[in-house]
2 protein chains.
Amino acid sequence: MYQITFKVRGENRLVLAEPGMSLLDVAQNAGITIDAPCGGTGSCGKCRVLLLEGCLESEKSRHITEDEYEDGWRLACTSFVSGDAVIAVPASATAYEDSLSSDFTAKGKDLGKYAELQKKLSEAGIGFKRTFKTLTAKLPQPSLDDTMPDNERLTRYMRDKFRTERVEIPFVVLRKLPEVLRENDFTVKCMVELTTDRLLVFDVMPPGSQAFPCGIAIDIGTTSVSALLIDMEKGKILTAASVANRQIRYGADVIHRIVESAKPGGREALRKAIVEETLNPMIRNMCEEVGVPTSAVCRLSVAANTTMNHLFAGVYADPIRMEPYIPAFFEINPVPAGLLGLDAHPSARVIITPNVGSYVGGDITAGVLATLMWNDPQMTLFIDLGTNGELVLGNSEFMMSCACSAGPAFEGGEIVCGMRAADGAIEEVKIDKDTMEPTIKVIGEEGIPVGICGSGLIDAISELYRCGIINSRGQFIRAGKRVKRDSEGKGIYMLVPKEKTATGRGIFIDEADIDNFIRAKAAVFSAIRTMLSALSLEVENIERVIVAGGIGSGINMENAVRIGMLPNIPLEKYSYIGNSSLSGSCMALISQQAYEQILSIGRSMTYLELSTTPGYMDEFVAACFIPHTDETLFEIGG
Amino acid sequence: MYQITFKVRGENRLVLAEPGMSLLDVAQNAGITIDAPCGGTGSCGKCRVLLLEGCLESEKSRHITEDEYEDGWRLACTSFVSGDAVIAVPASATAYEDSLSSDFTAKGKDLGKYAELQKKLSEAGIGFKRTFKTLTAKLPQPSLDDTMPDNERLTRYMRDKFRTERVEIPFVVLRKLPEVLRENDFTVKCMVELTTDRLLVFDVMPPGSQAFPCGIAIDIGTTSVSALLIDMEKGKILTAASVANRQIRYGADVIHRIVESAKPGGREALRKAIVEETLNPMIRNMCEEVGVPTSAVCRLSVAANTTMNHLFAGVYADPIRMEPYIPAFFEINPVPAGLLGLDAHPSARVIITPNVGSYVGGDITAGVLATLMWNDPQMTLFIDLGTNGELVLGNSEFMMSCACSAGPAFEGGEIVCGMRAADGAIEEVKIDKDTMEPTIKVIGEEGIPVGICGSGLIDAISELYRCGIINSRGQFIRAGKRVKRDSEGKGIYMLVPKEKTATGRGIFIDEADIDNFIRAKAAVFSAIRTMLSALSLEVENIERVIVAGGIGSGINMENAVRIGMLPNIPLEKYSYIGNSSLSGSCMALISQQAYEQILSIGRSMTYLELSTTPGYMDEFVAACFIPHTDETLFEIGG
């Protein structure tokens, strides 16, 4: 055993470690956070740490330059214990996870779009009848002349008040009823759900209780989890939250997660990571913020990709990743929160939006609801760019979906200086053709750059190409102050020198980044072409393109078209709608009809498995150029 | 701290005890069983132990004669630690609990009455359609051309096979589905419930599994718990069991139990005692006997008095015992077994038969179903004599119920030599008027008497009165070899001298026993009179009397009438139907219609609260003689 000392935020943590263990494992076992969105495979470069003393056995990495290596920089995931060592964990090694917690500050902001969406859905025939209510029930005190039991007494009261024949008092409520009634002289606050065919008493509380019926709409992404807390009585969004999916330590993508979940004890570990470590703390924080107990959460809605909703439900997911790619379910009946281990009222129904295929899940069916394309005769292309890319093409007549393995480049993954669209991310880039000098725009008030996000990357590569700095294969063909070559002769473009960054490390784009990005954009574009071809349609038939997902609102559609990521159609046909999965999840939460519409979307949508579709690989290879082997496809304005 | 050594079944158990602790508490804390059906109040006399060495501070008791006290006999509940001591715990001090486990050996025996009852219920319009089935489902293997998920694949199979639109696969089944399917090449054994409107997949198992759908009908009595395990597919009773209600250490009657349950932690302690210590071991034993896992138990039915069903469900019961005597519920919707903590399929519906009043519970509504009086124009009196006495008077037009606090005398409680109707109990007694010599009949093959049960007590007291040995106040008025006086001048009748008993102690009846018994029989008779009066009916209007309960099949109706316990009507109108509560519970388990009929019985039956009915106390006082102050009521044949 060797002694490893981690210096983290001014503290020293001494950990004993077996020789040969990876530094990342040593840290994670000791509860020390080090980012590893790629799951510790060396590909993302987010786990950079500094070897101060002692020794480590480290593999080479494109994320560490030779100079940096000399200075002691190492990737924690590909460095192995070979003696005592002292390791500094810089703030940048936790920035990826930290950033996730702060990038959704929706309180009072940006919530208007849900009201607008609700209005549009109403116009499309989706009802938004509020079914949850609170009321103070003053029951008559029992006496020798009125010896009706508590259960029947409350039932009688509700039946008379709401003129409904069927009153249900669930067992958990019955269990507390006698004491709550007597401690409050038979005057209690009740939380009820009233539908056309029955009244359900969700809870009985002291009359002074501040609790009111809440609902929580959730979008479980592979990387991050977003949620809205809604006052179900008044129909208002009270707060929002976004946190990192704590499953991230089991890998950045769904395949890694499935593999981990199939190991002994893995399924429960992954379930706990999302339910107990991610969702429950988030639910508790949101409830605390608005001043209600978690037992006031009486409905939840979860939109997630197929793998995420399987792992969330604790269902064996291994067959998803192996031919013939069979999930356990498309649709799943609402499950009581108690069975799922969620910190909410145990009888709260948890809606899980339906899947369409192994890689087109409930996030897409929920998202399609929010696009309204199911109610629109216009031919619409819906593209959700998150950790993966999913596409839906169709209109009110039909819809076809597919998934492309775009990888995490659009969220900054597998890009040396990549990051998500959070504070400090470069989201816009312009380059002067003559001087090759860039102009950048950074997210957040401080304006000091940390890294580059998906939209910034699209801009940068588009501009590099427009300025003739890189060729159609992504190779550097001009030289200058900003353009350098590394020791292996590969070109890099320095966006921000190290003196002007928040990390003390330059922000640059290298040929490997461009290569990764080209493959990601090619995956999206070839998927579009393959779907069009399967439906015997042309690009010209697309009347609307709706982009959603983690790529961020800063996406410049013109640049995205220029580099051959999106089809060359008039720019006014493009729009960005943000997190459509959360929007759809929210609508399903507050409207039974919206939920039923999502089920109907799931049932009617077809699924095209690209990996087994002839022609897809050819399309992909043809798209692995800027903009494409067939440049006529991308003559702007052409 | 003093050292107390218990000698139990040949073993020495050394326990440290604080001075002043009762010996019963010391033993119970150490896990040593000593009977205490009265809850340790000194009234039942079942906790007799022998002080061999050392000292104890003991209260006097009518259960210990002076000679016995000299010999070292003490009641454990009223003896307190005052120094080191060595205590022998004889077999008789555990006979009460031990006997409970062995008095229901229904295997293959006496089950015919259920078939007969089923036939009669069918004639009365109650359907017995079997809804549970097992089948082997051979699902098509998935392929790239058939990528339907597991959930939908099984749903499709069931939909096609049973031509039903609504197929439900509960979450617990979905969670195991992918693995079970793949481990068995998509050929699985399924347990389903098929009703008119839906098919529910209860379980999926390997095709070789021996499990089949089971149901368990339970009667939770205050003292003992009886159950039947039923093959729900074939509709056959496979085994039966009867065990002691492990709540007994919290008191013999419902009032003691409620008081204990209202103490801190008491409700959970009482719930655990019945669910985890009584029902779950019984369920496991029954399942093991028939060779099925407990997860094959897919429905349960529980009939119990109001207090017992509250404590079983973990519902606050304290208001039941205090004016105005309000239970938490009469009706309760079926509850999943998982929520109740029962060792069964977590989704198994547990039916709890409805209560009618604080002291007329689900055991009576279930019992009334079994009497068929709800479908009979004849005026019927139904009497259930268990640890308490409940009565129902009525016919197909109306039914009125009441409860009388008869106490445990009919089950041998509060009688010095009393015991339940188990092996060793004297169940019949005749006395020669001239010689005063008794003739007895003992339950069991061995024929060596241990004590006297309720039916034996009725006989004995009736015969003592007929022979002029006691007067109408229960005082001894003849002298002889069998009749003695104790040191205080109170008479006793020696039924069996100590040389001829199994315990080495004489079996006798003393004036205090007779006094207790007279009060018990007076409670029953005055309840009958009060109900008749409330309905403006006369004894002559009663066309049938049905007796049920723990008093045993040995009851001699003629003697019960002679002593003024039952009304003086022709003996051929009397019948005994055993444990009607279990019969009704069983019918509700196997027939939805029978369950609905019990609900209807509960809703239509009125409840007469005797304690607040004018005239009841006068009736009771008048009945506290043998047979009654008004002897004309009991002229046999008159």
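Rules and cut-offs
Residues numbered from 1 in each chain as written. Chains lettered and ligands numbered in written order. Predicted model: local features only at pLDDT ≥ 70, side-chain atom pairs only at ≥ 80, totals over all residues. Helix = DSSP H or I, 4+ residues; strand = E, 2+ residues; numbered from the N terminus. Expected span 1.5 Å × (residues − 1). Buried ≥ 20, exposed ≤ 12 C-beta atoms within 10 Å, placed from the backbone. Arc of directions from axis to C-beta. Contact = placed C-beta atoms within 7 Å. Pairing = 2+ DSSP bridges. Axes fitted to C-alpha atoms, helices over the stretch in contact; angles between N-to-C directions. Core = buried A, V, L, I, M, F, W, Y, C linked by C-beta atoms within 7 Å. Least-squares fit on C-alpha atoms with pLDDT ≥ 70 in both. Parallel < 35°, antiparallel > 145°, perpendicular 65-115°, else oblique. Nonpolar A, V, L, I, M, F, W, Y, C, P; charged D, E, K, R; others polar.

Caption draft 1: Quick peek at helix α4 (residues 112-123) of chain A. Residue and element names in this part refer to chain A. With 12 residues, α4 should cover 16 Å at 1.5 Å per step; its first-to-last C-alpha distance of 17 Å lies within 8% of that length. The complete set of buried residues in α4 reads Tyr114, Leu117 and Leu121. Taken around the axis of α4, the buried residues stretch over an arc of 60°, which confines them to a single face. Seen from the open side of α4, the exposed residues pointing more than 90 degrees away from its buried face are Gly112, Ala115, Glu116, Lys119 and Glu123. Buried residues along α4 sit in contact with β12 (236-244), α11 (362-371), α15 (580-590) and α16 (592-604). Immediately downstream of α4, the backbone of glycine 125 shows phi near 95°, a positive value.

Caption draft 2: Structural detail: the interface of chain B and chain A. Contact residues are listed per partner, giving 33 residues for chain B and 33 residues for chain A. It is helix α6 (residues 171-183) of chain B that contributes the most residues to the side of chain B that touches chain A, seven residues altogether.

Caption draft 3: Region of the structure containing the sheet that holds strand β8 (residues 187-194) of chain B. Residues and elements named next belong to chain B. The sheet built from four strands is open, its strands ordered β6-β8-β9-β7 with mixed pairing. At either margin of the open sheet sits one strand with a lone partner, and together these are β6 (132-138) and β7 (167-168). Strand contacts of helix α5 (residues 150-162): β6, β7, β8 and β9 (199-205), with the helix running at about 125° to β9, the strand carrying the most contacts. Lying on the sheet, α6 is in contact with β8 and β9; it crosses β9 at an angle near 45°.

Caption draft 4: Region of the structure containing the nonpolar core. Among the nonpolar cores identified, the biggest contains 413 residues, and Ala227(A), Leu300(A) and Ala227(B) are the most heavily contacted of them. Among all residues touching Ala227(A), those that are not within four sequence positions of it are Ile216(A), Ala217(A), Ile218(A), Ala240(A), Ala241(A), Met282(A) and Met286(A).

Caption draft 5: Broad picture of the pairing of strand β15 (residues 349-352) of chain A. All names here are of chain A. Inspection of the sheet shows strand β13 (residues 297-304) paired to β15 by four bridges, in the parallel sense. Bridge pairing links arginine 299 to arginine 349 in β15. Judged from the two bridges that link them, strand β14 (residues 335-336) and β15 form a sheet pairing that is antiparallel. Counted as the bridge partner of valine 335 is valine 350 from β15.

Caption draft 6: Just the pairing of strand β17 (residues 389-394) of chain B, in detail. Residues and elements named next belong to chain B. Counting buried residues in β17 gives six out of six residues, a clear majority hidden from the surface. With burial as the criterion, each face of β17 is covered, one bearing Gly389, Leu391 and Leu393 and the other bearing Glu390, Val392 and Gly394. Across six bridges, strand β16 (residues 380-385) lies against β17 in antiparallel orientation. Considered in β17, the bridge of leucine 381 is made with leucine 393. Connecting β16 to the antiparallel partner β17 that follows it, the hairpin turn spans three residues. Bridge analysis of β17 against strand β18 (residues 399-404) gives six bridges, and the strand direction is antiparallel.

Caption draft 7: Molecular detail of the relation of the copies chain B and chain A. Of the transformation superimposing chain B on chain A, the axial component is 0.0 Å and the angular component is 180°, with the fit at an RMSD of 0.1 Å. The transformation relating the two chain copies, once decomposed into turn and shift, fits a two-fold axis. Within chain B, Leu339(B) has its C-alpha nearest the rotation axis, a separation of 5.1 Å.

Caption draft 8: Here's a closer look at unusual backbone geometry. A cis amide bond, omega 5°, links Glu323(A) with the succeeding residue Pro324(A). Here Pro324(A) is to be found in the loop between α9 (306-313) and β14. One non-glycine residue, Leu372(A), lies in positive phi territory at about 60°. Position of Leu372(A) relative to the elements: it lies in the loop between α11 and β16 (380-385). Its 17 C-beta neighbours within 10 Å are what place Leu372(A) among the partly exposed residues. A positive phi angle, close to 60°, is found at Tyr325(B), a residue other than glycine.

Caption draft 9: Representation of the packing of α5(B) against α6(B) within the structure. All names here are of chain B. Orientation of α5 relative to α6, taken along the N-to-C sense of each, is 85°, at an axis distance of 9 Å. The angle between the axes of α5 and α6 places the two elements in the roughly perpendicular class. Between α5 and α6, the contacting residues are Asp150, Asn151 and Leu154 on the first element and Leu174, Leu177, Pro178 and Leu181 on the second. The residue inventory of the contact of α5 with α6, partitioned by class, reads five nonpolar, one polar and one charged.

Caption draft 10: The arrangement of the environment of Pro206(B) in detail. Residues and elements named next belong to chain B. Structurally, proline 206 can be placed in the loop between β9 and β10 (214-220). In this structure proline 206 comes out as exposed when scored by C-beta crowding, with 12 C-beta atoms within 10 Å. Filtering out sequence-adjacent residues up to four positions away, proline 206 remains in contact with Val180, Asn184, Val188 and Lys189.

No statement about biological role is implied by the geometric values presented.
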